[in-house]
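Architecture at a glance
Chain residues, written in single-letter form:
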Amino acid sequence: PAASSLYLTLLSLAQREQKRAGSTAFGAPVQTPQGTTLGCASLNLVLPNSNSCQRFQQQLEKTLATIVPCLQSLSVTSQTLGTTLSLPAKKQGRILPHALQLPKGATLILNVCEMTEGKLSPEEVVALQMLQTLAQSHKLDYRFEGNMRLSFEAD
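Residues numbered from 1 in each chain as written. Predicted model: local features only at pLDDT ≥ 70, side-chain atom pairs only at ≥ 80, totals over all residues. Heavy atoms only, no water.

1. Some details on the state of the cysteines
The test is simple: Note that a disulfide, as used here, is simply two cysteine sulfur atoms within 2.5 Å.
In the structure shown here, the tally under the stated rule is zero disulfides. In this structure Cys53 is a free cysteine whose sulfur lies 3.1 Å from that of Cys113, the closest cysteine sulfur available.

2. Quick word on the environment of Leu96
Selection criterion: Here a strand is any run of E in DSSP of at least two residues, a helix any run of H or I of at least four, and the numbering for each starts at the N terminus. It only takes one pair of heavy atoms within 4.5 Å for two residues to be counted as in contact.
Tracing the sequence through the fold places Leu96 in the loop between β3 (94–95) and β4 (107–111). When sequence neighbours within four positions are dropped, the list of residues in contact with Leu96 reads Ala89, Lys91 and Gln101.

3. As for the nonpolar core
Selection criterion: The definition of a nonpolar core used throughout is a set of buried Ala, Val, Leu, Ile, Met, Phe, Trp, Tyr and Cys residues joined through side-chain atoms within 4.5 Å. Under the scheme applied here, a residue whose accessible area is under 20% of the maximum for its type counts as buried, over 50% as exposed, and between as partly exposed, the area being computed with a 1.4 Å probe on protein chains only.
Of all hydrophobic cores here, the largest spans 15 residues; its most connected members are Leu81, Leu85, Leu100, Met130, Leu131 and Leu140. Elements with a contribution of two residues or more to this core: α4 (122–137) and β5 (139–144). Here the element with the most residues in this core is α4; it accounts for four residues. Every residue in contact with Leu131, bar those within four places of it in the chain, is listed here: Val76, Leu81, Leu85, Leu100 and Leu110.

4. Here's the deal with the packing of aromatic side chains
Here is the rule we go by: What counts as a ring pair is set by centres within 6.5 Å for rings of Phe, Tyr and Trp (its six-membered ring), and what kind of pair is set by the plane angle: stacked under 30 degrees, edge-to-face over 60, tilted for all other angles.
If you walk through the whole model with that rule in mind, you get two aromatic pairs. With a centroid separation of 5.4 Å and an interplanar angle of 85 degrees, the aromatic rings of Tyr142 and Phe152 are classed as edge-to-face. You can see Tyr142 sitting in strand β5 and its partner Phe152 sitting in strand β6 (residues 148–153), a full ten residues away along the chain. Using a relative accessible area of 39% as the deciding quantity, one classes Phe152 as partly exposed. Note on Phe144 and Phe152: the rings are 6.3 Å apart at their centroids and 55 degrees apart in plane angle, and the pair reads as tilted. Here a set of aromatic residues connected by ring pairs shows up, and it is made of Tyr142, Phe144 and Phe152.

Encoded structure:
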């Protein structure tokens with residue numbers, strides 16, 4: 001079952017609205033009434049312990065690297081939520097590089113097996129909400145000067 005789910009996830013592409021005549025813009029992902037995106041399935045695998053999780057992640061990365069055009073693998077911890085996985089931002093007129101700025105068709109692995117119990121800071125909670133939005137609706141929030149936030153499509 002897990003292998004079949006992974007296979008179907010990799011085969012899925014976000015279903016997009018048809019672009020309008022004369023428009024060069026690529027259509028936006030189709031949203032369901034529940035706010036999720038059709039296609040681009042997000043897959044959640046639960047393993048018995050962190051050792052199994054680490055071994056599975058290593059095997060998955062090795063296998064997917066030979067199949068998909070672009071692979072990004074990130075560990076989700078309270079430390080990375082406050083740094084690597086904080087909201088992407090624009091400062092002084094430039095969008096800062098971010099681990100989640102990926103090309104179209106990229107595959108993202110988020111490993112949460114290293115998360116431990118404890119209290120999260122408000123910034124870490126925002127980062128978790130951003131990851132949830134990314135998985136559910138394929139949108140990535142960016143923070144601009146003046147604390148303005150805009151969502152952009154992520155494939």
